[in-house]
Amino acid sequence: MTLSRRHLLKLSAALPLAAAAPAFAATDKLSVVATTGMIADAAMIVGGDLVEVQTLMGPGVDPHAYRQTRTDIVAMNRADLVLWHGLYLEAQMEELLLELAEKKPVVAVGEAVPQDKLIAHEDYDGRFDPHVWMVPALWGDVVRGVQAAMTEVAPDQAEMFEANATAYIAEIERLGAYTKDALTTVPTEARVLLTAHDAFGYFGSDYGFEVMGIQGISTESEAGLDRIAELVDLLVERDIGAVFVETSVSDRNIKALIEGAAAKGHDVKIGGELYSDAMGEPGTYEGTYLGMIDHNVTTIAGALGGNVPSGGMDGKLSAGG
Amino acid sequence: MNVTLAADHGVLTPVEARADAPLAVRGLTVSYGEKPAVFSVDATFEPGAMTAIVGPNGAGKSTLLKAALGIVTPLSGQITCFGQPMSKARARVAYVPQRASVDWDFPTHVIDVVTMGLYRQLGLLGRLKARQVTEAMDCLARVGMDGFADRQIGQLSGGQQQRVFLARALAQKADLYLLDEPFAGVDAATEKAIIAVLHEVKRQGKTVVAVHHDLATVPEYFDRVLMINTNVIAEGTVADAFTEANLHKAYGGRLATAQMRVAG
Amino acid sequence: MLIEALTLQLGYNATLVTIGATLLGLTAGAVGTFLYVGKRALVSDAISHATLPGIGLAFIAMVMLGGDGRALPGLLIGSALSAWVGLLCVSWLTYRTRLTEDAAIGAVLSVFFGAGIVLLTVIQSMRAGRQAGLEDFLLGSTAGMLWNDAVILAVGGAIVLGLVLLLHRPMALVAFDPDYATATGTDVRRTELAMMGLALAITVVGLKVVGLILIVALLIIPAVAARFWSDRVERVVLIAGGIGGVSGYAGAAVSASAPDLPTGPIIVLMAFGIFALSLLFAPDRGVLAVFLRHRRFQARVHVRQGLLALAQGQPIYERLTLRLMRRAGLIRADGVATETGKAQAARALLDERRWEILRADSRHEWAAARYDGLTPLERVLTPDQLVELDRSLRPEGV
């Protein structure tokens, strides 16, 4: 059939309409962008096959200091849903995310944790310690928050999300039980956790540990020499045997602490490397939320004199953590 | 054999440089960018003489001295100093630069400037001995500045600064003195003092070459003259080369001339 | 707390930082003097900002080779190399193009620093882990100072000081009179490069303590402050080193004595404090000294003029003159001269007449040059010269 001119005109009028059809007509997965790896992990599990998740901050990236790149902004603009942590964790991205929230679904899932369970910031009113993922029970609330956000955007899949979330939370609860068991094996006088920055506040309050960081809650604050001296005295006084480095933070301060203690005749070792603000390599067990916490707990308990299986909760930890 | 230029003939005869002349240049061309400041200059400076380098502004007089010393790089040409390349003969050459090229705020006393003339002897780390300090003070006394030894150089007048520079050159005990406009902007007393020292130096058998800006005093102060305006106009004794005809050639119409005493 | 800090009793870490900062301040002050008197102060700013891309590239290179991206020697070498390239760019731009040096410095500084920031942003998303800490090089971070860092600082500082000692004569000569330096056989180009090389070494060594943004302050402020205390370059170098060292010491001690005080900026503030004190109170050259000297001079001039007027029977109009003379006991409250006043007036007039004669006599040109309206001739001539001169005052006495 030959194309008459009228047919041609109709066709060309229809083209722009076809192009304007919604983006996920091409793939019918929900495209989700998550800031931290832990949130991405939760999103992938809750969403299952129905979502495609992209993470902005990979392993070893410090969320307190992270500044978005152009690629990140493009990705967030194209996504159907943006999940971030909130509670001022992604301090440098806050402005952008709040702006973006006016145009599309942007949810701070960290804020799904009820306020009475949060630790208030020492110096700033109305601000809280954002490191809620350290305690599995709190992270359960966040997972529910992820579920709620996804349900909002794709309500017809609500059942699927509910099922996935509930199964995952059961796993998380099991992790919580393991954590409690592992940490109670640490002798009481050894329950001091000293790390590079104050990421483990919730850990401390929930499990009866004294928790101290060289830098404050955010790694943007510079550690003072005064703080180092204070901590050196503490290490010596309380005869603490191990301190911990973090994957997303420089280990210089910890090393300086160790040298300082050595000068006072006290031998402190590095108990291990903890995943504080970021998970391990993707594709490994430690690259999942469960693996991250499993690793942290096992390493801490082991280094401080507790009695834990070196393979962790299910024996899945790689040797040497 | 030194053949002086027969300037009135308008023909330039090449000069055969004496092998051991205190300073000789052959075919010297220096340019800043694309514009030549000095073009194909041949000149030999007689030992034991006081030679003035004269020419209009921008004629390349300072450039000639600087090229001879290696301060600017020539495009072409050969420079010999006492028969050797300048780099080997530096111990025998003393340079008195233009006052304007120096930073007068620099923290240094008059006596320190003079002892700079001794740096070659002292090397990097050698300590200044009492004998050398006395020598430096003597040089200052010869120029009448010994009372100013402890002054910071920025506190001196133009003439006083010029005399300190001369004292520095004297401290080097050189055989050849190259001065760039030593009388520019100095008072009459300083001028008399400087020329007296230079004549004394000449009497000791040393060679003096000075870029000079005041045509009126050329016959009184100098025995020989090199007249240039980018290339050589005339070279020879004051009597032979410092003629009105040559001056016209060098300066064109710009000669504001009446009071000059010129030969022939 | 502060006393303990200043007497190095605050523990290992604080002591390490304090000693390191003192060494850094000392060497920076000494090297910075040559930059300052050679009018090359801003080039050091270009150098410090040009270290940033080198740090980033060194990190990336080390990670790619499988090592720890933050090994300090590697980062320092990287920073030195890119700073050196920056320096060569400034040099090339100045010598080969029509750009003035400050334009060249501005260009290099901003381009290199910008490139460095881009690299840091790229690095932050690298899946290599542990990259946090590179931004510490911007403003320094002393809490994490280790024994090895202090060793690098000490060795680097010692080498730099040794070279300063070795090269101080050519560097001073080149800064003062580069043409004369060439004429006497100094390689000006190489000496200038050496000077900048020393500045580069100090910058690299000081990155951890004060950071690249502030290192220029540590190079320049002690030198500028020292200038108020001496007119001789060797002394200025020593004093600048001392001021730098004291600033490093005090700044580090203060920052260790209280929480949340950053070391680098406090050191710079100390240096600035010393500079402000020098500016105001240095004898001879400080603002206060100059002011007082000027006032004294003004008073002398007024009194001299007043005495001359008195001697010649002219009235004195200026109130300041009258007040000063009254205070010196030269005139009474009603303006009439006292005995002392009359005597001094007569002497002043005699002196003035003597100077007149001297300045007209061509035999005394040297002495005549010392006329300043105030110095009495008795201080300039010998007694027998004075006697001879006085004879010309009384023509009948010859």
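This structure is a prediction, so every number in the text was calculated from the model and none was measured. Throughout this description, residue numbers start from 1 for each chain and increase along the sequence as written. Whichever chain is written first becomes A and whichever ligand is written first becomes 1, with later ones labelled in order. Restriction of local features to residues with pLDDT of at least 70 applies here, the model being predicted, together with a cutoff of 80 or more for giving and counting side-chain atom pairs; totals for whole chains, interfaces and linings are based on all residues.

Draft legend 1. Quick peek at the overall build of chain C. Helix numbers and strand numbers start at the N terminus; a helix is a DSSP run of H or I with at least 4 residues, a strand a run of E with at least 2. In terms of regular secondary structure, chain C is built from 18 helices and 0 strands. Its C-alpha radius of gyration of 30 Å places chain C more than 25% over the 21 Å reference for a compact globule of 398 residues. Oriented by its inertia axes, the alpha-carbon framework of chain C measures out at about 105 × 55 × 35 Å. To sort residues by exposure, count the other C-beta atoms lying within 10 Å of each residue's C-beta; 20 or more gives buried, 12 or fewer gives exposed, and values between give partly exposed, all with C-beta atoms placed from the backbone. Each of the 398 residues in chain C was classed as buried or not, and the buried ones make up 46%. For the radius of gyration, the atoms used are the C-alpha atoms, and the globule rule reads 2.2 Å times the number of residues raised to 0.38.

Draft legend 2. Up close: the interface of chain C and chain B. Each residue gets a C-beta atom placed from its backbone, and two residues are in contact if those atoms lie within 7 Å. Taken together, the contacts link 23 residues of chain C with 23 residues of chain B. Among the elements of the structure, α8 (147–176), α9 (178–183), α12 (233–257) and α17 (365–368) of chain C are those that each provide at least two residues to the side of chain C that touches chain B. With 6 residues, α8(C) is the single largest residue contributor to the side of chain C that touches chain B. In this classification, Asp, Glu, Lys and Arg are treated as charged, Ala, Val, Leu, Ile, Met, Phe, Trp, Tyr, Cys and Pro as nonpolar, and every other residue, Gly included, as polar. Looking at the side of chain C that touches chain B, its residues break down into 12 nonpolar, 4 polar and 7 charged.

Draft legend 3. How the structure looks around the sheet that holds strand β3 (residues 81–84) of chain A. Residue and element names in this part refer to chain A. Strand pairing is defined by DSSP finding a minimum of two bridges between the two strands. Taking strand neighbours across the sheet as the criterion, the 4 strands line up as β2-β1-β3-β4 in an open arrangement whose pairing is parallel. The sheet is open, and its two edges are formed by β2 (51–55) and β4 (106–108), each paired on a single side. Sheet twist, expressed as the average angle between the axes of neighbouring strands with direction ignored, equals 20°. Here 3 bridges tie strand β1 (residues 30–34) to β3, and the two strands are oriented parallel to one another. Paired with V33 across the bridge in β3 is V82. Between N-to-C directions, angles cover 0 to 180 degrees, with each direction set by a line fitted to C-alpha atoms, over the stretch in contact for helices.

Draft legend 4. Structural detail: the environment of A:T298. Residue and element names in this part refer to chain A. Structurally, T298 is set in helix α10 (residues 289–303). Looking at T298, the number of C-beta atoms within 10 Å reads 23, which means it is buried. It is 29 Å that separates the C-alpha atoms of T298 and A229, two residues lying 69 residues apart in sequence. With residues near it in sequence (within four places) discarded, T298 still touches A182, V308, G312 and L317.

Draft legend 5. Representation of the nonpolar core within the structure. When buried Ala, Val, Leu, Ile, Met, Phe, Trp, Tyr and Cys residues are joined through C-beta atoms within 7 Å, the set is termed a nonpolar core. Formed by 275 residues in total, the largest nonpolar core has its most connected members in A:A43, A:L83, A:V146, B:V114, C:V31 and C:L218. In terms of residues, this core owes the most to one element, helix α2 (residues 12–37) of chain C, which gives 14 residues. Core analysis: the second largest hydrophobic core is formed by 7 residues, C:M325, C:L330, C:I331 and C:A348 among them.

Draft legend 6. Inspection of the confidence of the model for chain C at higher detail. All names here are of chain C. Averaged over every residue, the pLDDT of chain C is 87; the share at 70 or more is 96%. The predictor reports its confidence for every residue as pLDDT, a score running from 0 up to 100. Mean pLDDT across the elements of chain C bottoms out in α17 (70) and peaks in helix α13 (residues 263–281) (95). Quick note on the complex model: pTM equals 0.82, ipTM equals 0.87.

Draft legend 7. Region of the structure containing the sheet that holds strand β4 (residues 76–80) of chain B. All names here are of chain B. Within the open sheet, the 3 strands sit side by side as β2-β1-β4. Their pairing is antiparallel. The open sheet has two edge strands with one neighbour each: β2 (35–45) and β4. Mean inter-strand twist for the sheet, computed between neighbouring axes without regard to direction, equals 20°.

Draft legend 8. Seen up close, the interface of chain C and chain A. Contacts between chain C and chain A engage 33 residues on the former and 30 residues on the latter. Broken down by secondary-structure element, the contributors of at least two residues to the side of chain C that touches chain A are α2, α6 (101–124) and α12 of chain C. Element by element, the count of residues in the side of chain C that touches chain A is highest for α2(C), at 4 residues. Class assignment for the residues of the side of chain C that touches chain A results in 15 nonpolar, 14 polar and 4 charged.

Draft legend 9. Broad picture of the packing of helix α16 (residues 339–360) of chain C against helix α18 (residues 383–393) of chain C. Residue and element names in this part refer to chain C. Across the interface, α16 lies against α18 with an axial gap of 10 Å and an inter-helix angle of 95°. In terms of orientation, α16 lies roughly perpendicular with respect to α18. Where α16 abuts α18, its residues R353, R354, I357 and L358 lie against L389, S392 and L393. Tallied by class, the residues present in the contact of α16 with α18 amount to 4 nonpolar, 1 polar and 2 charged. Oblique is the label for every angle not falling under 35 degrees (roughly parallel), over 145 degrees (roughly antiparallel), or within 65 to 115 degrees (roughly perpendicular).

Draft legend 10. Representation of the domain arrangement of chain C. Domain segmentation is taken from an automatic or database assignment of domains. By the assigned domains, chain C splits into domain 1 (2–260) and domain 2 (288–397). The straight-line distance from the C-alpha centre of domain 1 of chain C to that of domain 2 of chain C is 56 Å.

Draft legend 11. Region of interest: unusual backbone geometry. Residue and element names in this part refer to chain B. If you check the backbone angles, S40 has positive phi at about 50° while not being a glycine. Residue position: S40 is located in strand β2. A positive phi angle, near 50°, is found at K173, a position not held by glycine. Looking at where K173 falls in the secondary structure, it is placed in the loop between α6 (158–171) and β6 (176–180). By the C-beta count within 10 Å, which is 15 here, K173 ends up partly exposed.

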